[in-house]
Amino acid sequence: MTPTTDDEPCTRCEEFLLAEAVAKAEGDASRETDCRVLRRRHQQAEHGGKV
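Residues numbered from 1 in each chain as written. Predicted model: local features only at pLDDT ≥ 70, side-chain atom pairs only at ≥ 80, totals over all residues. Heavy atoms only, no water.

Student: Run through the overall build of the protein chain, naming residues and quoting values.
Tutor: Counting its regular elements, the protein chain contains two helices and zero strands. Per-residue burial over the protein chain gives 22% buried out of 51 residues. Considering only contacts in the protein chain between residues 6 or more positions apart, those separated by 24 or more positions represent 38%. In the form shown here, the protein chain has an accessible surface area of approximately 4000 Å², with 49% of it arising from carbon and sulfur atoms. (Helix = DSSP H or I, 4+ residues; strand = E, 2+ residues; numbered from the N terminus. Buried < 20%, exposed > 50% of the residue type's maximum accessible area, 1.4 Å probe, protein only. Contact = heavy atoms within 4.5 Å. Areas by Shrake-Rupley, 256 points an atom, 1.4 Å probe, with all protein chains shown as cover.)

Below, the structure written as structure tokens:
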């Protein structure tokens, strides 16, 4: 994966955030939590825990 800059957000991070928001709007707390966990794992693996 190509590192992102401060001006260019990570598409994968944004996908997880969107999926989390959709799950929250639908009242699916389990899926919301899953999205949050997956985003954090992604951030740790691809961004050194920073975003």
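Student: Break down helix α2 (residues 29–47) for me, with residues and values.
Tutor: An ideal rise of 1.5 Å per residue puts 27 Å on 19 residues; α2 measures up with 26 Å between its terminal C-alpha atoms. Every buried residue of α2 is accounted for by E32, C35, R39, H42, Q43 and H47. Down the axis, α2 shows its buried residues gathered within 100 degrees of arc, on one side only. The outward face of α2, more than 90 degrees from its buried face, is lined by the exposed residues S30, R40, R41, Q44 and A45. One or two steps after α2, the chain reaches G48, where phi turns positive at roughly 65 degrees. (Expected span 1.5 Å × (residues − 1). Arc of directions from axis to C-beta.)

Student: How would you sum up the environment of C35? Please name residues and give values.
Tutor: One can find C35 in helix α2. Sequence-wise, C35 and A19 are 16 residues apart; in three dimensions their C-alpha atoms are separated by 6.6 Å. For C35, the contacting residues outside a window of four places in its chain are F16, A19 and E20.

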